[in-house]
Amino acid sequence: MNAAVWLGGGFFFLFGTTPAISSSAMQSLLGDRYFSYFSAGIENIALARFYHFEIVCALIAFLHLLAEWLYLGRPSRRFSGSLLVALFLVAFIGSNVFQPRLRALHTTTYSRSAQPAERQAAARSYRVWSVVAAILNYAVMGGLVVYLWRVANPSDTPRFISSVKFRG
């Protein structure tokens, strides 16, 4: 269930929230003068919450994998564990590297005390960092699809009983 909630939350953020923040309806609400500043600021706030959501879901998935191993005595699922580690690391790096960098570049872009050249450089860097963050978020969604498939369709065989023992 955690994997489904994680995937659903990710798809809602990437295909619902992010397009809504940069939509023409939001532009008409905020006005042309303030749209670029506030829409990027709102997106940064939503992105920070999204990364926290991903980290919590990854930790719950780790706990689930650990509980399954301890309670059921199943051997470690190396691929699922490795995939979870990768998804957690991307969310952790996004939360602690990408999002603070995007916030700082957004602040510099719209700072009155910054020189025009600094503002233009910060705006270019902001676009590059946001594209890289978006690509990583789409990669995480792909990884979550694979993870959800693996969790929903386990390939484990029964541990103690084989079907050959029942054939008399």
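The preceding data block contains the structure.
Trainee: Just checking my understanding: could you explain the overall build of the chain for this structure?
Mentor: Helices and strands together make up the secondary structure of the chain, namely five helices and zero strands. Secondary structure elements in the chain, listed N-terminal to C-terminal, are α-α-α-α-α. Scored against the burial criterion, the 168 residues of the chain give a buried share of 32%. As displayed, the chain has an accessible area near 10,900 Å², and 67% of this comes from carbon and sulfur atoms.

Trainee: Teacher, can you tell me more about the nonpolar core here?
Mentor: Counting 27 residues, the largest nonpolar core has W6, F13, L47, L87, M141, L144 and Y147 as its most contacted members. Of all elements in the fold, only α1 (2-21), α3 (32-72), α4 (78-109) and α5 (116-152) reach the threshold of two or more residues within this core. Beyond its immediate chain neighbours, meaning those up to four positions away, M141 contacts L7, G10, F11, L14, F50 and E54.

Trainee: What should I look at first to understand the packing of α3 against α5 in this one?
Mentor: Any two packed helices are characterised by how steeply their axes cross, that is the angle between the axes, and by the distance between the axes. Where α3 meets α5, the closest approach of the two axes is 13 Å, and the angle between their N-to-C directions is 30°. The pairing of α3 with α5 is recorded here as roughly parallel in orientation. You can see that α3 and α5 cross each other, and the crossing is left-handed. Note on element contacts: α5 touches α3 through Y126, A133, N137, V140, M141 and Y147, opposite A40, N44, L47, F50, Y51, E54 and A61. Residues of the contact of α3 with α5, tallied by class, amount to ten nonpolar, two polar and one charged.

Trainee: Got a minute to help me understand the packing of aromatic side chains in this structure?
Mentor: Two descriptors summarise a pair of aromatic rings, namely the distance from one centre to the other and the angle between the planes of the rings. Following the criterion strictly, the structure yields ten aromatic pairs and no others. Relative to Y138, the ring of F15 has its centre 5.8 Å away and its plane inclined at 50°; by these criteria the two rings are tilted. Remark: Y138 occurs in helix α5 and F15 occurs in helix α1; sequence separation between them is 123 residues. Plain terms: the ring middles of F98 and W129 are 5.3 Å apart, the flat faces sit at 65° to each other, and that makes the pair edge-to-face. Remark: W129 occurs in helix α5 and F98 occurs in helix α4; sequence separation between them is 31 residues. Residue classification places W129 among the partly exposed positions, given a relative accessible area of 26%. Through a chain of ring-to-ring contacts, three or more aromatic side chains come together here, namely Y34, Y37, F38 and Y110.

Cut-off values and rules
- Residues numbered from 1 in each chain as written.
- Predicted model: local features only at pLDDT ≥ 70, side-chain atom pairs only at ≥ 80, totals over all residues.
- Heavy atoms only, no water.
- Helix = DSSP H or I, 4+ residues; strand = E, 2+ residues; numbered from the N terminus.
- Buried < 20%, exposed > 50% of the residue type's maximum accessible area, 1.4 Å probe, protein only.
- Areas by Shrake-Rupley, 256 points an atom, 1.4 Å probe, with all protein chains shown as cover.
- Core = buried A, V, L, I, M, F, W, Y, C linked by side-chain atoms within 4.5 Å.
- Contact = heavy atoms within 4.5 Å.
- Axes fitted to C-alpha atoms, helices over the stretch in contact; angles between N-to-C directions.
- Parallel < 35°, antiparallel > 145°, perpendicular 65-115°, else oblique.
- Left-handed = near helix turned anticlockwise from the far one by under 90°.
- Nonpolar A, V, L, I, M, F, W, Y, C, P; charged D, E, K, R; others polar.
- Phe/Tyr/Trp six-rings, centres within 6.5 Å; stacked < 30°, edge-to-face > 60°.

All quantities given are derived from atomic positions and should not be read as evidence of function.
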